[in-house]
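Observations on chain architecture
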Amino acid sequence: MTDTEAHLVNAARAGDQRAFRQLVEVHTRPLHRVCQRILGDASLAEDVLQDAFLNAWRGLPRFDGRSAFGSWLHRIAVNAALVQLRKRRPELSMDVTEEDDAAAPLLVHSGDGPFNHAAGQQFGARLTSVLAGLTTAERTAFVLRHFEDYPLDEIASALGCNVNACKQAIFRAVRKMRAALAPLGSAP
């Protein structure tokens, strides 16, 4: 945690709403991106993020600083997204076989030039489509592992399953991704 962030966190813990607003502004974009990938819906991700920030504001007195503020806030946002998933789809478990129809849009880095831009757009569109075709458990496990770099035990805990079931969900997601993306070659 930087000195500036530590100062803002201490001010926010003392009740300074402006300091908390500055912290929210710094973290909104990356947190929205992960919530959108998990939920597959930008407007729902915004709602979840508002709930997460409210929970963070209320929970500031319990923030002990053992982890970075951003990590703590990230965990709150991911948990809020998972709670929303369970509300929308109560059968969320590692045994889900029904495919989720929600897309999870991704930002595509286009590189330089029109060819790379077109290739990046095509790859991004296919990746979004493949993510949408994964089960809710597979998509969530894949996003948390490969986009957010969560450890397996934390993903398993978030999904309410054991580590082996979590590994299987990630493996199935990777296998489906490879099969669907193989015709495009490697990522741009």
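All of these numbers come straight from a predicted model, not from anything done at the bench.

**Digging into the overall build of the protein chain**
Summing up its helical and strand segments, the protein chain has eight helices and zero strands in all. A buried classification covers 44% of the 188 residues belonging to the protein chain. Long-range pairs, those at least 24 residues apart, make up 67% of the contacts in the protein chain between residues at least 6 apart in sequence. Total accessible area computed for the protein chain in this model is approximately 10400 Å², and 50% of it derives from carbon and sulfur atoms.

**Regarding the packing of aromatic side chains**
In this structure the tally under the stated criterion is five aromatic pairs. Measuring from ring centre to ring centre gives 5.6 Å for phenylalanine 63 and phenylalanine 69, while their planes differ by 90°; the resulting arrangement is edge-to-face. Under the relative-accessibility criterion, phenylalanine 63 is labelled buried at 3%. Ring geometry for phenylalanine 63 versus tryptophan 72: centroids 4.9 Å apart, planes at 50°, classification tilted. The pair phenylalanine 63 / tryptophan 72 is uniform in exposure class, with both members buried. Members of the aromatic cluster, each reached through a chain of ring pairs, are Phe63, Phe69 and Trp72. Just above the ring of phenylalanine 147 sits the side chain of arginine 37; from NZ or CZ to the centre is 4.0 Å.

**What about the nonpolar core?**
Core analysis: the biggest nonpolar cluster contains 54 residues, and Cys35, Ile38, Phe69 and Ile155 have the highest contact counts within it. For this core, the secondary-structure elements that each account for two or more residues are helix H1 (3–13), helix H2 (17–39), helix H3 (42–59), helix H4 (69–88), helix H5 (113–133), helix H6 (136–147), helix H7 (152–159) and helix H8 (163–181). In terms of residue count, H4 provides more of this core than any other element does, ten residues in total. The contact partners of isoleucine 155, leaving out residues within four places of it in the chain, are Ala141, Leu144, Arg145, Tyr150, Cys166 and Ile170.

**Overview of unusual backbone geometry**
One non-glycine residue, aspartate 149, adopts positive backbone phi at about 60°. Structurally, the position occupied by aspartate 149 is in the loop between H6 and H7.

**What to know about the confidence of the model for the protein chain**
Looking at the protein chain, the pLDDT average stands at 79 and 78% of residues meet or exceed 70. Averaged pLDDT values over the elements of the protein chain bottom out at 66 in H5 and peak at 94 in H3. For residues 91–111, every residue scores under 50 in pLDDT, and the model assigns this stretch 58 contacts once sequence neighbours within four places are set aside.

**Brief notes about H3**
Along its 18 residues, H3 runs 25 Å from first to last C-alpha, staying within 8% of the 26 Å computed at 1.5 Å per residue. Buried within H3 we find Leu44, Ala45, Val48, Leu49, Ala52, Phe53, Ala56 and Gly59. Against H2 and H4 lie the buried residues of H3.

**Considering the side chain of histidine 27**
Within the element layout of this structure, histidine 27 appears in helix H2. Beyond its immediate chain neighbours, meaning those up to four positions away, histidine 27 contacts Glu5, Phe69, Gly70 and Leu73.

What counts as what
- Residues numbered from 1 in each chain as written.
- Predicted model: local features only at pLDDT ≥ 70, side-chain atom pairs only at ≥ 80, totals over all residues.
- Heavy atoms only, no water.
- Helix = DSSP H or I, 4+ residues; strand = E, 2+ residues; numbered from the N terminus.
- Buried < 20%, exposed > 50% of the residue type's maximum accessible area, 1.4 Å probe, protein only.
- Contact = heavy atoms within 4.5 Å.
- Areas by Shrake-Rupley, 256 points an atom, 1.4 Å probe, with all protein chains shown as cover.
- Phe/Tyr/Trp six-rings, centres within 6.5 Å; stacked < 30°, edge-to-face > 60°.
- Lys NZ or Arg CZ within 6 Å of the ring centre and 35° of its normal.
- Core = buried A, V, L, I, M, F, W, Y, C linked by side-chain atoms within 4.5 Å.
- pLDDT = per-residue confidence, 0-100.
- Expected span 1.5 Å × (residues − 1).

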